[in-house]
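# A closer look at the structure
In case you want the letters, here they are:
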Amino acid sequence: MYSIRRKLSIIILVCSILATILTALFVNFTINNKFNEYMLNNQEKRNQRIVQYFQEIYKRDKQWTKESGMEMEHEAFMSNYCLTLLDANKKLIWTMDPNDIKEKEHLKAIDNANEGVYNTTNFPINYNGSVVGYIGIGQYSSVLLSADDINFKLSINKGIGASIILTLIIVIVVSLYFSKQFSVPIREVSDISVKLSKGDYNSRTNVDTDILELNNLKSSINTLGDRLNQQDILRRRLISDISHEIRTPLNVLQNNLEAMIDGIFPVNTEQLTALNDEVIRFGKLLNNLNVLKRFESEGIVLDEEKLQLNELITSVCDDFLIVSKEKNIELTYNTKPNESYVILGDKYKLRQVFVNILSNAVKFTNEGGSIWVNLAKKKNEIIVSIRDNGMGISKEDLPFIFERLYRGDKSRNKIEGSGIGLTIVKNILTLHSASIDVESEVNKGSKFTIRFKSLK
Ligand code: ADP
């Protein structure tokens, strides 16, 4: 196994080495080609110049002698080629000895295949339209290079070599720097995930990164930590709540029954009714747990149809008019009558949503309070808000109210409830791709806002 940093560095390095070598080879090949072309061109010009020179000599002397053009010998020797002068019948007039130039150390061939093989080319010398002789130019390679030429080529190759080394050094430094930018946040997030998996739900990362995906990964792992932490708190609270809920009716039953057995309480209808109420309460709790179990194990299946939300909410509000009146609570429903509020949804499940929220509003609002239901449309959204000026929810309880069996602070124990109403609400709405938000302040009231996607 490699660390991500090592793997990234190796990948960047291998790619860069390949890229630099290929570029260097290409540059070297192109420069060499162009250089050879240039040198061949020069050689061509030299040959023309030599032929012209001998033409001039013939023009001047009208014949060949052993001295014709001998002045060229020095230049030829210095430039590593040999001259041979032949007459029109290719009879030798004079020639240089190829062995004189053979041993010269700086003699190098461009074309290695021809290096060291002596080759002569005869060029005709024309005068007045007829060939009057030949000048042979012989050399030990197809193209001759001077010491300067060779130095020039060497310095180019050295430059390419140096640039390869410099590029590789830069690539190593840059790859180490950039791979660190990837590896540090990934390693940090992976460490946190290991800690979370070991049950350390308070581990969080605040590693700094400007890479979008890594930043998202970091936020996700932190959110996961928050969620796990919340779930853990909830699980502990749930166990204590359930045991408390079960213990209370059992204690009441046990104490009363013992008092009756000891003859302290009389065994009469009133006492037995009180005991029966506790048994009923106990039964209700078990029922609620059962509902929750069914709800979670079987899930909810929606029976969707096109729904006029206005009609549904009007009917639910109507059902609540009597209950709210009994508690002297004013229930107001507010909407634009001519607007269409069509959504795709399950009528019965959505009715349950509004019933649960409204019954909470009635339950947690004191006598003389008010409840406002509002239905509105904004762009593609249909927004339902249910607001009351009741007891409100404390900041500590607010994040948990949609969780299973969660009930507000202990004082609420006076008010009957099961702690599953809002869990069901949240699940039904999620299946409808709708959202629910809550704002609340203790003793001022609560506002539940539901957003549906409107059907066009
Ligand atoms: P419950 O059966 O206890 O009402 P819910 O799941 O319906 O269970 O609600 C969970 C908790 O949310 C309640 O116990 C209560 O503390 C709080 N809550 C819900 N609605 C309101 C409201 N309108 N006003 C104040 N508190 C509320």
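If you're wondering where the values come from, they're calculated on a predicted model, not measured in any experiment. (Residues numbered from 1 in each chain as written. Predicted model: local features only at pLDDT ≥ 70, side-chain atom pairs only at ≥ 80, totals over all residues. Heavy atoms only, no water.)

### A look at helix α8 (residues 347-363)
- With 17 residues, α8 extends 24 Å between its outermost C-alpha atoms, agreeing within 8% with the 24 Å of an ideal straight helix rising 1.5 Å per residue.
- Among all positions in α8, only L350, V353, F354, N356, I357, L358, N360, A361 and V362 are buried.
- Put simply, D346 is the residue that caps the front of α8, since its side-chain oxygen is 3.1 Å from the backbone nitrogen of Y348. (Helix = DSSP H or I, 4+ residues; strand = E, 2+ residues; numbered from the N terminus. Expected span 1.5 Å × (residues − 1). Buried < 20%, exposed > 50% of the residue type's maximum accessible area, 1.4 Å probe, protein only. Polar contact = N/O pair within 3.5 Å; in protein donor to acceptor, adjacent residues only side chain to side chain.)

### Considering the domain arrangement of the chain
- On domain assignment, one finds that the chain holds domain 1 (4-164), domain 2 (231-296) and domain 3 (304-453).
- Taken over C-alpha atoms, the centre of domain 1 sits 111 Å from the centre of domain 2. (Domains from an automatic or database assignment.)

### Observations concerning the packing of helix α1 (residues 4-61) against helix α4 (residues 147-197)
- Two elements in contact, α1 and α4, have axes separated by 9 Å at closest approach and are oriented at 160 degrees. With respect to each other, α1 and α4 are oriented roughly antiparallel. The handedness of the crossing between α1 and α4 comes out as right-handed.
- Considering only residue class, the contact of α1 with α4 consists of 20 nonpolar, ten polar and four charged. (Axes fitted to C-alpha atoms, helices over the stretch in contact; angles between N-to-C directions. Parallel < 35°, antiparallel > 145°, perpendicular 65-115°, else oblique. Left-handed = near helix turned anticlockwise from the far one by under 90°. Nonpolar A, V, L, I, M, F, W, Y, C, P; charged D, E, K, R; others polar.)

### Comments concerning the sheet that holds strand β5 (residues 130-139)
- The strand order across the open sheet formed by four strands is β2-β1-β5-β4, and the pairing between neighbours is antiparallel. Of all the strands in the sheet, the pair left with one neighbour each is β2 (92-95) and β4 (119-127). Put simply, the sheet's adjacent strands are angled 20 degrees from each other on average, direction ignored.
- For strand β1 (residues 82-87) and β5, the ladder comprises six bridges, and the chain directions are antiparallel. The residue bridging L85 from the neighbouring strand is I135, located in β5.
- Those strands touched by α1 are β1, β2, β4 and β5, and its axis lies near 140 degrees from that of β5. (Pairing = 2+ DSSP bridges. Contact = heavy atoms within 4.5 Å.)

### Things to note about the pairing of strand β10 (residues 370-378)
- The pairing of strand β8 (residues 330-334) with β10 spans five bridges and is classified as parallel. Its bridge partner being in β10, N334 is matched across the sheet by N374.
- When β10 meets strand β11 (residues 381-388), the two strands line up antiparallel, connected through eight bridges. Each bridged residue has a counterpart across the sheet, and for N374 the counterpart in β11 is S385.
- The hairpin turn running from β10 into β11, its antiparallel successor, is two residues long, and K379 in that turn takes a positive phi close to 50 degrees.

### Quick notes on the UniProt feature "transmembrane region" (unreviewed entry) in the chain
- Under the UniProt annotation, the feature "transmembrane region" (unreviewed entry) is placed at residues 12-31 and 159-178.
- The distance from the first to the last C-alpha atom of residues 12-31 is 28 Å, and the span holds 100% helix and 0% strand.
- Here residues 159-178 is 100% helix and 0% strand, with 28 Å between the C-alpha atoms at its ends. (UniProt positions renumbered as here; feature names shortened; annotations may be inferred.)

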